[in-house]
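Here's the letter readout for the chains.
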Amino acid sequence: MSTEDPLILTEVVDAVGVIRLNRPKKLNALSPALIDLVAAQMERWDADPAVRVIVLTGNDRAFAAGADIDDMTERSAVEMYERDQFTDWDRIRRVRVPIIAAVSGFALGGGCELMMLCDIVVAGDTAQFGQPEINLGVIPGAGGTQRLTRAVGKALAMDMILTGRMLSAPDALAAGLVSRVVPPEHVLPEAMKIAQQLAARGSIAARFAKECVLKAFETTLEEGVMHERRLFYMLFATLDQKEGMRAFADRRPARFEHR
C-alpha cells in the first residue's frame, strides 16, 4: 500500500480502489480531516474510468469506533455549525461507483453512519454495530437516525438510538443492516471478491443500478419506478448492453468495454 497522508492508506487492485482507515490508536475515530481525505479520494476514483468499485475498510479491532470526541468536547454550537463538518459526508453520498464496506470489530456512531453510506457491507462475525451517541448527551448527526431507521425499521432503530444498544453481526444481518457475514479473516478477501465481480460487469449499468436503489429511499414508488424505467431505456444506448445480450445469446462470457 501507499499513501500521502497517514490517516488513510490507499491502493488500486485491478479496477478496485481500496481505502483503509488508518488511526489504529484511536480505533479509526472519524476526525473531519479523515472524512475529508476519504471523500476526496473517492471523488478522484469516481472520476477515473479505470476504477469501477471502491472498498472501504479499517483494521481488525475497528472499522471506525465513532467520531473524534476529543475534537468536539469543548466546541460551542456556533463553532460546530460554522465548520459544517457533515458536508464531506454528503460528498461520499454522491459517489456514483459502488462502495463496499469491509467491517471488522467496531462500527459505532460515525463508523456505523459511514458504513451505511456504502452500498454493500461485508462484516466479520465478531463485528459490532451501534449508534451510542445518547451516552454522550447527543444524537447521531451524519444521518444515523434516518438511514438506520430505513435499514432496520422504526422499532429496532429507536431501541438502538435511545438506549445505545449494539447489534452483533448475525443480528445486523438478520435486521438488514449488513449484506454478508463471514469469519473475520475473510472480511477483506470477500469484499475484494465481490468488488472484482462488480468491476468485471458493465460499469454504466452498475452506476445506474446503484442510483435506482438509492432513489427508492428518497421518493415515491411511482416516481422511483419511472426513474428506473428511464435509466433502463438509456442503457440501450450503450455498447455494454449490446455485448451483454449478444454474449447471452451466444452462450459465452460478456466482454464489457464500460461504454
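Now for a description of the structure that goes with this document.

Conventions adopted
Residues numbered from 1 in each chain as written. Predicted model: local features only at pLDDT ≥ 70, side-chain atom pairs only at ≥ 80, totals over all residues. Heavy atoms only, no water. Disulfide = S-S within 2.5 Å. Buried < 20%, exposed > 50% of the residue type's maximum accessible area, 1.4 Å probe, protein only. Core = buried A, V, L, I, M, F, W, Y, C linked by side-chain atoms within 4.5 Å. Helix = DSSP H or I, 4+ residues; strand = E, 2+ residues; numbered from the N terminus. Contact = heavy atoms within 4.5 Å. Phe/Tyr/Trp six-rings, centres within 6.5 Å; stacked < 30°, edge-to-face > 60°. Pairing = 2+ DSSP bridges. Axes fitted to C-alpha atoms, helices over the stretch in contact; angles between N-to-C directions.

## Examining the state of the cysteines
Moving on, step 1. Counted by the stated rule, this structure contains zero disulfides.
Moving on, step 2. Left without a disulfide partner, Cys-112 is nearest to the cysteine sulfur of Cys-118, which lies 11 Å away.
Moving on, step 3. For Cys-112, a relative accessible area of 0% corresponds to the buried category.
Moving on, step 4. According to the relative accessible area criterion, Cys-118 is buried, its value standing at 10%.

## As for the nonpolar core
Moving on, step 1. Leu-114, Met-115, Phe-129 and Leu-177 are the most contacted members of the largest nonpolar core, which totals 47 residues.
Moving on, step 2. Of all the elements, helix α1 (residues 32–46) adds the most residues to this core, at seven residues.
Moving on, step 3. Beyond its immediate sequence surroundings of up to four residues, Leu-177 is in contact with Cys-112, Met-115, Met-116, Val-121, Phe-129, Leu-148, Ala-151, Val-152, Leu-167 and Ala-172.
Moving on, step 4. Core analysis: the next-biggest nonpolar cluster, separate from the first, contains 15 residues, Ala-15, Val-18, Val-53 and Val-122 among them.

## Remarks on the packing of aromatic side chains
Moving on, step 1. Per the counting criterion, the structure on display carries two aromatic pairs.
Moving on, step 2. Here the aromatic residues Phe-232, Tyr-233 and Phe-236 are joined through ring pairs into a cluster of three or more.

## What about the sheet that holds strand β9 (residues 166–168)?
Moving on, step 1. Pairing is mixed across the open sheet formed by four strands, whose spatial order is β4-β6-β8-β9. Either end of the sheet is taken by a strand with one partner, and the two such strands are β4 (62–64) and β9. This sheet shows a mean twist of 20° between the axes of neighbouring strands, independent of strand direction.
Moving on, step 2. Alignment of strand β8 (residues 128–130) against β9, held across three bridges, turns out to be antiparallel. Of the residues in β9, the one forming a bridge with Phe-129 is Leu-167.

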